[in-house]
Each structure stands twice: as structure tokens, then as C-alpha cells.
Amino acid sequence: FTINALYADPVTLELFDWFGGLEDLSAHRVRFIGDARERIREDHLRILRYFRFQARFGAKLDPEAESACAELAPMLKGLSRERVGWELLNLLALPDPSGTLARMRDLGVLREILPESGRTEIDALR
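The paragraphs below set out a description of the structure included in this document. Along each chain, numbering runs from 1 in the same order as the chain's sequence is written. Thresholds applied to this predicted model are a pLDDT of at least 70 for local features of residues and 80 or more for the giving and counting of side-chain atom pairs; totals over whole chains, interfaces and linings are not thresholded and use all residues. Only heavy atoms go into the side-chain values, all of them from the structure, while hydrogens and water stay out.

**Notes on the pattern of salt bridges**
What counts here: Salt bridge, as used here: a side-chain nitrogen of Lys or Arg that lies within 4 Å of a carboxyl oxygen of Asp or Glu. The buried label goes to any residue with under 20% of its type's maximum accessible area, the exposed label to any with over 50%, and the partly exposed label to all in between, with areas taken from a 1.4 Å probe on protein chains only. For helices the rule is a DSSP run of H or I covering at least 4 residues; for strands it is a run of E covering at least 2, with both sets numbered from the N terminus onward.
Evaluated as defined, the whole model comprises twelve salt bridges. A salt bridge links Arg-31 to Asp-24, with the shortest nitrogen-to-oxygen separation between them at 2.7 Å. What makes Asp-24 buried here is its relative accessible area of 1%. Of the charged contacts, one joins Glu-71 and Arg-37 as a salt bridge, the two residues approaching to 2.8 Å between their closest N and O atoms. Pair noted here: Glu-71 is in helix H4 (residues 63-72) and Arg-37 is in helix H2 (residues 36-42), with a separation of 34 residues, a long-range link. One continuous salt-bridge network, built from bridges that share partners, spans Glu-23, Asp-24, Arg-29 and Arg-31.

Here it is as C-alpha cells:
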């Protein structure tokens, strides 16, 4: 993600932002670096990380990212339950994850990792 690709020189403390991460942070936007589908195919966990980062830092939705996450959500089944669980617990620990979880449900992402979750269960978080 652009906001996760900021680098600082440990000696000079000069900040390097090759992908526009600072601008995205200011705009409350979470974007993949380059093609979202390609990034997700490299590491399927990025789907869940996108939603966690979006819940924490974002306000503006990225249509390309949302579409890629929805389309490639079945790839989540290939991840270990521990990795999925860790990401989900970190998302749930945020101040108000209910809107993000509802969007994950609506996009079909949540069904891949928590098939028993439905509207009633997610609405109970609000």
C-alpha cells in the first residue's frame, strides 16, 4: 500500500515517498501500489490488510481496490487460519470496524473467511 511504503533514512531522517503515501494519508485513502489484482495475487492476505488499513486510515474508498478484493476473495481460502485470524482480530480491535465489516460482507469477502456471518451478526456490532 502506498501508505505502507514510506521510508526514512536512519541517519539523515530524510523521508522517501515514491508512491504518494503522504498524500494518500492526508486524503484518508488506502491504495495498492500499482495494479491491485497483481498485488493481491502476490499475497492473498493483502485483501484483509486492505480492509484493516481502510478501517484505520481511510475514509475515501478506492473502487479499484474494492473491486479487486471482491473478485479475488476466494483466494483467501488458501491462507492459513492463523494468518486470517490475526488480521481479523486486528481489524476487530479498531474503534469502529462495523462499517468495514459490513462492506466486506456486501462484497463477498467476509463469506470466504466467516461463512456463518450474515447481516444479523454484523449489524450486532453497531
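**Focus: unusual backbone geometry**
In the Ramachandran plot, Leu-13 falls in the positive-phi region, its phi being about 65° despite a non-glycine side chain. Inspection of the secondary structure puts Leu-13 in the loop between strand E1 (7-8) and strand E2 (15-16). Since its relative accessible area comes to 64%, Leu-13 is described here as exposed. Unlike most non-glycine residues, His-28 shows phi in positive territory, near 55°.

**So, H4**
Note the cut-off: Taking the helix axis as origin, the arc is that swept by the directions to the C-beta atoms. By definition, residues are in contact when any of their heavy atoms lie within 4.5 Å. In protein, a polar contact means a hydrogen-donor-capable atom and an acceptor-capable atom, both N or O and within 3.5 Å, with residues adjacent in sequence counting only if both atoms are side-chain atoms; elsewhere, any N or O pair within 3.5 Å suffices.
Those residues of H4 that sit buried are Ala-65, Glu-66, Ala-68, Cys-69 and Leu-72. Looking straight down H4, one finds its buried side chains confined to an arc of 165°; they lie on one side. Of the surrounding elements, those touching the buried residues of H4 are H2, helix H3 (46-57), helix H6 (98-106) and helix H7 (109-113). The N-cap of H4, judged by a side-chain oxygen 3.1 Å from the amide nitrogen of Glu-64 a few residues on, is Asp-62.

**Some points on the side chain of Arg-52**
Here Arg-52 shows up in helix H3. A relative accessible area of 14% places Arg-52 in the buried class. Non-local contacts of Arg-52, meaning those with residues more than four positions away in its chain, are made with Trp-86, Glu-87, Asn-90, Leu-91 and Leu-94.

**Here's the deal with the packing of aromatic side chains**
Rules: Only Phe, Tyr and Trp rings are paired, with Trp represented by its six-membered ring, and only when their centres lie within 6.5 Å; those with planes under 30 degrees apart are stacked, over 60 edge-to-face, the remainder tilted.
Per the stated rule, a full pass over the model turns up eight aromatic pairs. Seen in terms of ring centroids, Phe-1 and Phe-53 are 5.3 Å apart; in terms of plane orientation they differ by 40°. Their pairing is tilted. Taken together, the residues span a long stretch of sequence, with Phe-1 in the segment before E1 and Phe-53 in helix H3 at a distance of 52 residues. When its relative accessible area of 10% is taken as the criterion, Phe-1 is described as buried. With 5.1 Å between their ring centres and 75° between their planes, Tyr-50 and Phe-51 make a pair best called edge-to-face. Judged by its relative accessible area of 0%, Tyr-50 is buried. A relative accessible area of 0% means that Phe-51 is categorised as buried. Chaining the aromatic ring pairs together yields one cluster made of Phe-1, Phe-32, Tyr-50, Phe-51, Phe-53 and Phe-57.

**Regarding the nonpolar core**
Condition: What makes a nonpolar core is a set of buried Ala, Val, Leu, Ile, Met, Phe, Trp, Tyr and Cys residues whose side-chain atoms join them at distances within 4.5 Å.
If you look at the biggest cluster of nonpolar residues, it comprises 28 residues, and the most contacted ones within it are Met-104 and Val-109. Top contributing element to this core by residue count: H3, with five residues. In this view, Val-109 contacts Ile-47, Leu-48, Phe-51, Cys-69, Ala-70, Ala-73, Leu-76 and Met-104; residues no more than four positions away in its chain are not counted.

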